[in-house]
Every structure is written in structure tokens, then in C-alpha cells.
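# Descriptive analysis of the structure
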Amino acid sequence: MRLVNRPLALILAAALVAVSIVIIVEVIGFAAHRSPLLVHWSTWYHWGGKTRWDAFVVRVWSAILIVVGALVLILELKPRRVTRLSLQPGDDATDAAVTRRGLAGTLRAAATGIDGISSAKIKVRRRRASVTAASAARGRPAATALTEPVTQAVRGQLDSLDLRHPPRLKVRVVPRGR
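## Regarding the packing of helix H4 (residues 100-112) against helix H5 (residues 140-161)
Taken N-terminus to C-terminus, the directions of H4 and H5 make an angle of 140°; their axes are 8 Å apart at the nearest point. Regarding the angle of H4 to H5, the classification is oblique. Taken as a pair, H4 and H5 cross one another with a handedness that is right-handed. Residues Leu103, Thr106, Leu107, Ala110 and Ala111 of H4 touch H5, and the partners they reach there are Val150, Ala153, Val154, Gln157, Leu158 and Leu161.

This is the structure in C-alpha cells:
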């Protein structure tokens, strides 16, 4: 939601500035000329003066605004996607974490550090880390033989980070494509 919040905040700020400028111009114009300059607000003023609060149009617009406000509130209260994984603190005053992208890079380095692995694709989620390593060899038996060393290297790297809630590890080694 953070990606949507920033443009919406910019649009809202620009709209508030524009409305403020129009109001200032209208107040100065009304004080000087006794007539509207940019917006014919006097019709709205007279309509508002003769419309009761319990009128149907007021109820409809109130319901629409309440629904829109509730939707925005629900969307804002939804928890953000976890981008950092907490590390075990050395003491209570320390709060350390590693980003999911940083953890993926570390796990990729551990996987490609094994002889016979040419590349690795890593997906780190909050509770699971998936490693798909590509073997330099073409055969399935060679790729299968590398699964255990890659798993040990990646597991050792995860253990050395001392994450508070380490993700479950899923390792797959595929043979090189043709």
C-alpha cells in the first residue's frame, strides 16, 4: 500500500493547495466586488441554506463518503508485507534485521559457492526460502548428487545468520539446459 500512498498523498496535497487558492481568491473577490470570481458558489450556498440534514441527497452522499472512508481505513490497517527478517538480539537494546533481498543474495552466494553449481534463483518469503540451483552438468544424476551439498551450504548460511524465526528451506537442483 506504500506504493499507492505516495502518489495519492501528492494528488491530495495538490488538490488542497488548489482549493485553498480558489477560496482565497473568492474571499478577496467577494470582499472587493461582492460577486463570485472563479466558482459560482452562491448557488451552492443558497442550496445548502434550504436543504435539510435529513434530505435524501444528503443521506446518499453521507453513505457514499462513509463507505469510501471505511474502505480506505481497512486498506490502511492491513499489515504490510514483511520485508525484513529479525535476527536474534545480542541484548534487549539491539534490534537487528536482514532484508529479504539481502538474505536472498547471501543464500545465492552460498549456493553458487558449491563446485558444480552455475547459478541459483532464490525466493525468500516470510516463512519459506526456496533455492533452485542450476547444475553445470547436464545429467539428472549429477544434479541430484549436488542437492545435499547445496542444502548444507545454504542451511549453514541460514544458521550463521541466527534469525529469530528462520524460514523453512526448500532446495532443488536442476540440470543445465541445452
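Let's pick the thread back up.
## What about the side chain of serine 135?
Relative to the helices and strands, serine 135 resides in strand S4 (residues 128-135). Given a relative accessible area of 0%, serine 135 falls into the buried group. Polar side-chain contacts of serine 135 include one of 3.0 Å to the backbone nitrogen of alanine 137. If sequence neighbours within four positions are ignored, serine 135 has contacts with Gly116, Ile117, Ser118, Ala143, Leu146, Val173, Val174, Pro175 and Arg176.

## Brief notes about the packing of aromatic side chains
Tallied over the entire structure, the rule returns one aromatic pair. Between the aromatic rings of phenylalanine 30 and tryptophan 41, the centroid separation amounts to 5.4 Å while the plane-to-plane angle is 70°, which identifies the pairing as edge-to-face. On the criterion of sequence distance, the pair formed by phenylalanine 30 in helix H1 (residues 2-33) and tryptophan 41 in helix H2 (residues 41-50) is long-range, its members being eleven residues apart. Since its relative accessible area comes to 25%, tryptophan 41 is described here as partly exposed.

## Concerning the sheet that holds S4
Adjacent strands of a sheet form backbone hydrogen bonds with each other and so pair up, either parallel or antiparallel. One open sheet accounts for three strands, arranged S3-S4-S5; its pairing is mixed. The outermost strands of the open sheet, each flanked by one partner alone, are strand S3 (117-124) and strand S5 (168-174). Looking at each pair of strands side by side, their axes are set apart by 15° on average, direction ignored. Along the sheet, H4 makes contact with S3 and S4, crossing S3 at roughly 155°. The strands touched by H5 are S3, S4 and S5; relative to S5, the strand with the most contacts, the crossing angle is about 150°.

## Let's talk about the pattern of salt bridges
A complete count under the given rule lists one salt bridge for this structure. The partner of arginine 52 in a salt bridge is aspartate 54, with the nearest N and O atoms 3.2 Å apart. Judged by its relative accessible area of 59%, arginine 52 is exposed. For aspartate 54, a relative accessible area of 40% gives the class partly exposed.

## A look at the nonpolar core
If you look at the biggest cluster of nonpolar residues, it comprises 24 residues, and the most contacted ones within it are Leu103, Leu107, Val124, Val131 and Val150. Put simply, the parts of the chain that give this core at least two residues each are H4, S3, S4, H5 and S5. Per-element accounting of this core gives the leading share, five residues, to H5. Not counting residues within four places of it along the chain, the set of residues in contact with valine 131 comprises Ala111, Lys121, Ile122, Val150, Val154, Leu169, Lys170, Val171 and Arg172.

What counts and what doesn't
- Residues numbered from 1 in each chain as written.
- Predicted model: local features only at pLDDT ≥ 70, side-chain atom pairs only at ≥ 80, totals over all residues.
- Heavy atoms only, no water.
- Axes fitted to C-alpha atoms, helices over the stretch in contact; angles between N-to-C directions.
- Helix = DSSP H or I, 4+ residues; strand = E, 2+ residues; numbered from the N terminus.
- Parallel < 35°, antiparallel > 145°, perpendicular 65-115°, else oblique.
- Left-handed = near helix turned anticlockwise from the far one by under 90°.
- Contact = heavy atoms within 4.5 Å.
- Buried < 20%, exposed > 50% of the residue type's maximum accessible area, 1.4 Å probe, protein only.
- Polar contact = N/O pair within 3.5 Å; in protein donor to acceptor, adjacent residues only side chain to side chain.
- Phe/Tyr/Trp six-rings, centres within 6.5 Å; stacked < 30°, edge-to-face > 60°.
- Pairing = 2+ DSSP bridges.
- Salt bridge = Lys/Arg side-chain N within 4 Å of Asp/Glu carboxyl O.
- Core = buried A, V, L, I, M, F, W, Y, C linked by side-chain atoms within 4.5 Å.

By themselves, these observations are geometric and do not establish any function.
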